[in-house]
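# Examination of the molecular architecture
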Amino acid sequence: MPTDAITPDVLTVPRKRPEGPVNLVGLTREAMRQALIAAGTPERQARMRVGQIWQWIYHWGLRDFAAMTNLAKDYRALLAENFVIALPEVVTRQVSGDGTRKYLVRIAGGHEVEVVYIPEEDRGTLCVSSQVGCTLTCSFCHTGTQKLVRNLTAGEIIGQVMLARDDLGEWPVPGAPKDETRLLSNVVLMGMGEPLYNFENVRDAMKIAMDPEGIALSRRRITLSTSGVVPEIARTAEEIGCQLAISFHATTDEVRDRLVPINKRWPIAELLDALRTYPKASNSERITFEYVMLDGVNDTDADARRLIKLIEGIPAKINLIPFNEWPGAPYRRSTPARIRAFADIIYKAGYASPIRTPRGEDIMAACGQLKSATERARKSRAQIAAETGTSG
Ligand code: SF4
C-alpha cells in the first residue's frame, strides 16, 4: 500500500460542513470528488483521493478514516471532520433452518426494510430492497400490502450489500492470500419495492457494486426484477447493464391486471415489445420470466402453452415460483403435480423452467413474503428530503 507523498501544507483550509458530516457510502465517484473538494481537498488531488478512499471503503470494507494508512494523518482528520462511512443499522438477524438469513435493517427516519441472503453450495445470493413499502400493489405480494413510504437512497441500497458482507466476513484481509470464492456472489433486486420507480438510486448503487476497484461484482451477477415499468426497461440496459427479470405471472391481460396492476398501464403486448428490443438480451444473457404458481388462477396447461407463445423470439428462461403464503394472502400455492405438469410443457418447448425452491419460509424470507412494520406517516416532501439528505 503506497504511502502518501503529499505533505500536509498543500491542503486548503478545511471547511467544516454546517449541516453535519456527509455519508460517503452511496456517492458516485464524481459526487465523492465534489464532496472532497468542498471539504478542502485540492482539486488536482481529488480524483486520486477518490481512488484511495474508494478502495478502503469498497474493497477492504473499512469504516474508520484513521485506519486509511496511505493518507496523511491531517488529511484523515479532515475526512473524519466532514464525512462518515455509515450503513443501515441491522435491527434483527434471523437464520432459517435452510441457512437463509433475513436482516431487518433500519434506515434514516427510522424506517425498516428487509434483506435476504440465500446461501448455495459455493456461492450465495443477496435479495436487496429498493423502496420502503412499494409503489405498486401486486396482489400476490406481501410487500404490495405496504404503501410506499419512500425510495431508498443509493447508500441505503449498496449498504445492504456491505452489511451482508460484514455478516459473512466477506471483506479481504490485508496480507492474507487472495481468496476468489465469494459467499455473496449474486445480487438480485427482488426485495421490497419496484426498482425502476427508484431508477437513479438503484443505478448508482449497482454501479458501485460493479466498480472493479471495490466490490467488483460482475454485471452478469446482478439481476434487476421489474413488474413492467416499460419506459425504464431500455434505460436499464444502457445505464446499468445488469440482467433483467420480469415479474410476469400471467398470460392474459385480464388475469395480469388483477395480479400485477401496473399491467393496466403497460399491458402484456407493450411489455413484450420492450423486451424484444432489450439491448442486453442474448442467448447467453436471457431475460428471466418470473411466474408465481397460484392454485386455480394462472396454472393451467393452457396458461403454459400461452406463455410459450407470448415469449416467442425473446431470449428467455422461466422461473416457476411456488406461491409463498403470508398472513391474509388471497391465494394458495398450486399443487406440486400441477407445477410439475406446467414445467413439463415449458421444458418440452425448449425453455429452461426451473422450479424455484422456496427458501427461508420458516422466517418469512421467501419470495413475496417481505414486509416491514413501517407504515407511511404523513410526511412532507421537505421532511423526506431532510431524511435522505437529498434536495426535496
Ligand atoms: S411484486 Fe414487486 S412491484 Fe409488486 S408489490 Fe411486490 S415488491 Fe412491489
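The rules behind each value
Residues numbered from 1 in each chain as written. Predicted model: local features only at pLDDT ≥ 70, side-chain atom pairs only at ≥ 80, totals over all residues. Heavy atoms only, no water. Near = heavy atom within 4 Å. Nonpolar A, V, L, I, M, F, W, Y, C, P; charged D, E, K, R; others polar. Pairing = 2+ DSSP bridges. Helix = DSSP H or I, 4+ residues; strand = E, 2+ residues; numbered from the N terminus. Axes fitted to C-alpha atoms, helices over the stretch in contact; angles between N-to-C directions. Contact = heavy atoms within 4.5 Å. Phe/Tyr/Trp six-rings, centres within 6.5 Å; stacked < 30°, edge-to-face > 60°. Buried < 20%, exposed > 50% of the residue type's maximum accessible area, 1.4 Å probe, protein only. Lys NZ or Arg CZ within 6 Å of the ring centre and 35° of its normal. Arc of directions from axis to C-beta. Core = buried A, V, L, I, M, F, W, Y, C linked by side-chain atoms within 4.5 Å. Domains from an automatic or database assignment. Polar contact = N/O pair within 3.5 Å; in protein donor to acceptor, adjacent residues only side chain to side chain. Parallel < 35°, antiparallel > 145°, perpendicular 65-115°, else oblique. Left-handed = near helix turned anticlockwise from the far one by under 90°. Salt bridge = Lys/Arg side-chain N within 4 Å of Asp/Glu carboxyl O. Buried area = accessible area lost by both parts, 1.4 Å probe.

## Some details on the site of the ligand
Contacts to the ligand come from Cys 134, Leu 136, Cys 138, Cys 141, Thr 143, Gly 144, Gly 191 and Gly 193. Here the shell around the ligand is composed, by residue class, of 4 nonpolar, 4 polar and no charged.

## A short note on the sheet that holds strand β12 (residues 287-293)
If you walk across this open sheet you meet the 9 strands as β3-β4-β5-β6-β9-β10-β11-β12-β13, and the pairing is mixed. The two strands at the open ends of the sheet, each matched to only one other strand, are β3 (89-95) and β13 (316-322). The average undirected angle you get between the axes of adjacent strands in this sheet is 20°. Alignment of β12 against β13, held across 7 bridges, turns out to be parallel. By the bridge assignment for β13, Val 292 is matched with Ile 321. Each of β9 (186-189) and β10 (222-226) is contacted by helix α5 (residues 199-210), which is oriented at about 165° to β10, the strand it contacts most.

## Looking at the pairing of β3
In this structure, β3 lies alongside strand β4 (residues 101-106), joined through 6 bridges in antiparallel fashion. The residue of β4 that forms the bridge with Thr 92 is Leu 104. A loop of 5 residues connects β3 with β4, the two strands running antiparallel in sequence, and Gly 99 in this loop sits at a positive phi of about 90°.

## With respect to the packing of aromatic side chains
Evaluated as defined, the whole model comprises 4 aromatic pairs. For the ring pair Phe 248 and Phe 289, a centre distance of 5.2 Å and an interplane angle of 85° mean the geometry is edge-to-face. Separated by 41 residues along the polypeptide, Phe 248 in the loop between β11 (243-247) and α7 (253-259) and Phe 289 in strand β12 bring together distant segments of the chain. With respect to burial, Phe 248 and Phe 289 carry one shared label: buried. Directly above the ring of Tyr 75 sits Arg 49, whose terminal nitrogen or CZ lies 4.7 Å from the centroid.

## Details of helix α8 (residues 268-276)
Where α8 is concerned, the buried positions are Ile 268, Leu 271, Leu 272, Ala 274 and Leu 275. For α8, the angular spread of the buried residues around the axis is 155°, confining them to a single face. Looking at the buried residues of α8, the elements they touch are α6 (233-239), β11, α7, β12 and α9 (301-310).

## A few points about the nonpolar core
In summary, soluble globular proteins display a tendency toward joint burial of nonpolar side chains. Judged by nonpolar contacts, the single largest core of 117 residues is most densely connected at Ile 53, Phe 140, Ile 158, Met 206, Leu 275 and Phe 289. The element that contributes the greatest number of residues to this core is helix α4 (residues 154-168), accounting for 8 residues. Both domains that meet at this core, namely domain 1 (26-84) and domain 2 (89-388), each give it at least three residues. Each residue touching Ile 158, except ones within four places of it in the same chain, is listed here: Val 25, Gly 26, Tyr 58, Ala 205, Ile 208, Ala 209 and Ile 215.

## Remarks on the environment of Arg 203
Mapped onto the secondary structure, Arg 203 falls in helix α5. Considered as a pair, Arg 203 and Ile 57 are 146 residues apart in the sequence and their alpha carbons are 19 Å apart. For Arg 203, the side chain forms a polar contact with the side chain of Glu 239, separated by 2.8 Å.

## Details of the packing of helix α1 (residues 29-38) against helix α2 (residues 43-59)
For the pair α1 and α2, interaxial distance at closest approach is 9 Å and the crossing angle is 120°. When the axis of α1 is compared with that of α2, the two are oblique. Crossing geometry of α1 relative to α2 is assigned as right-handed. The segment α1 lies against α2, with Arg 29, Met 32, Arg 33, Leu 36 and Ile 37 engaging Glu 43, Ala 46, Arg 47, Arg 49, Val 50, Gly 51, Ile 53, Trp 54 and Ile 57. A per-class count over the contact of α1 with α2 returns 8 nonpolar, 1 polar and 5 charged.

## Focus on the pattern of salt bridges
Counted under the stated rule, the structure contains 27 salt bridges. Where Arg 203 meets Asp 204, a salt bridge forms, and the shortest distance between an N and an O atom there is 2.9 Å. Asp 204 matches Arg 203 in its accessibility class, with the two residues each being buried. Several salt bridges share partner residues, and in doing so they unite Glu 200, Arg 203, Asp 204, Glu 232, Arg 235 and Glu 239 into one network.

## A few points about the domain arrangement of the protein
According to the domain assignment, the protein consists of domain 1 (26-84) and domain 2 (89-388). Spacing between the C-alpha centres of domain 1 and domain 2 amounts to 33 Å. Tallying the contact residues gives 13 residues for domain 1 and 16 residues for domain 2. Carbon and sulfur atoms make up 59% of the surface buried where domain 1 meets domain 2, a total of about 1200 Å² over both sides. There are 3 salt bridges connecting domain 1 and domain 2.

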